[in-house]
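Geometric and topological summary
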2 protein chains.
Amino acid sequence: MNDVIGHLKKNGIKPSFQRIKIFEYLVTKENHPTVEMIYKELVNEIPTLSKTTVYNTLNLFIEKKIAHTIVIEENETRYDSHMEVHGHFKCEKCGTIYDIKIDDKISEIKSLDKFQIDEQHVYYKGICDKCLQKNLN
Amino acid sequence: MNDVIGHLKKNGIKPSFQRIKIFEYLVTKENHPTVEMIYKELVNEIPTLSKTTVYNTLNLFIEKKIAHTIVIEENETRYDSHMEVHGHFKCEKCGTIYDIKIDDKISEIKSLDKFQIDEQHVYYKGICDKCLQKNLN
DNA sequence: GTATCTGCAAAACATTTGCAATTCT
DNA sequence: AGAATTGCAAATGTTTTGCAGATAC
């Protein structure tokens, strides 16, 4: 909890109650949530919370580079506080988004020789092992 | 033009005028357009065209697997009739989306051992060589 | 003549914006 | 008090839906 406050401060963000709770949610859940998911859970703890604040706060986190968006499904933006380069796998059955390690393959792509690459995004869709095992029954 | 009609028929799509024109647009432009881009250009040729028809038609193409969506920017779905596995590069300056070849690296990803992978998506963002050269002046 | 296709208008969502009220120091 | 933050209500933008009229076979 204190490390969350420190992390916010270190990145130039005043640690208001809402901001602390939202960042805490991202870090502890690690579930790549939508705004809806964050709102629905936190409104129990903070009854006056509005979605506007969730949007404002997440946009602030992105501006300050302590979070980023994951775009896998059109019309469903998800958020992640895990900032190292990594990929994702979305299970089409249960909807879970898994983090996956990806190596840095940028240099191998010949067609991008003279291009300046700022971001690399990799994701897969399919069915996760848990859902595959359920289907065996 | 005739090959477009043939392609539509072969995939179980009745080749109406609108469908032919929209598919022709995808194939000849190869520009990964938004609905807006398709609509704005084709409404010149087909003055009664509606965006609903563009949406309906693209959704039909996707259902019949002769097109797919590219999701790079949230709130901006793009469409592609190039069906082989490939990646994309989006230039943040000029907005152009380039196709890039990617090798099939799926088997190398250990953490996905027991997962069933149905789709692989790779894209980059940065600045393309044309825009980089303009900046030298 | 019956099926399908098209396109308008309205609805459904997700996200942003304007602004007034609240909070913090 | 003054500045920043919050949250409501309205606006915006994208995509879908319902349905009536047009088109095609």
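That block above? That's the structure.
This section reports on the structure supplied with the text. (Residues numbered from 1 in each chain as written. Chains lettered and ligands numbered in written order. Predicted model: local features only at pLDDT ≥ 70, side-chain atom pairs only at ≥ 80, totals over all residues. Heavy atoms only, no water.)

Right, let's get into the interface of chain A and chain B. Counting residues at the interface gives 35 residues for chain A and 35 residues for chain B. Among the residues chain A hides against chain B, the three largest losses belong to A:F115, A:Y123 and A:Y124. Together they make up 20% of the total. For the pair chain A and chain B, the number of links is 0 salt bridges. Our enumeration of links across chain A and chain B arrives at 8 residue pairs in polar contact (both at pLDDT 80 or more). For the side of chain A that touches chain B, the secondary-structure elements that each account for two or more residues are β1 (68-73), β4 (97-100), β5 (116-127) and α5 (129-134) of chain A. With 12 residues, the single largest contributor to the side of chain A that touches chain B is β5(A). (Contact = heavy atoms within 4.5 Å. Buried area = accessible area lost by both parts, 1.4 Å probe. Salt bridge = Lys/Arg side-chain N within 4 Å of Asp/Glu carboxyl O. Polar contact = N/O pair within 3.5 Å; in protein donor to acceptor, adjacent residues only side chain to side chain. Helix = DSSP H or I, 4+ residues; strand = E, 2+ residues; numbered from the N terminus.)

All names here are of chain B. Pairing of strand β3 (residues 87-91) with strand β4 (residues 97-100) involves 4 bridges; the strand directions are antiparallel. Looking across to β4, one finds that F89 is bridged to Y98. Between β3 and β4, which follow one another and run antiparallel, lie 5 residues, and G95 among them has a positive phi close to 80 degrees. (Pairing = 2+ DSSP bridges.)

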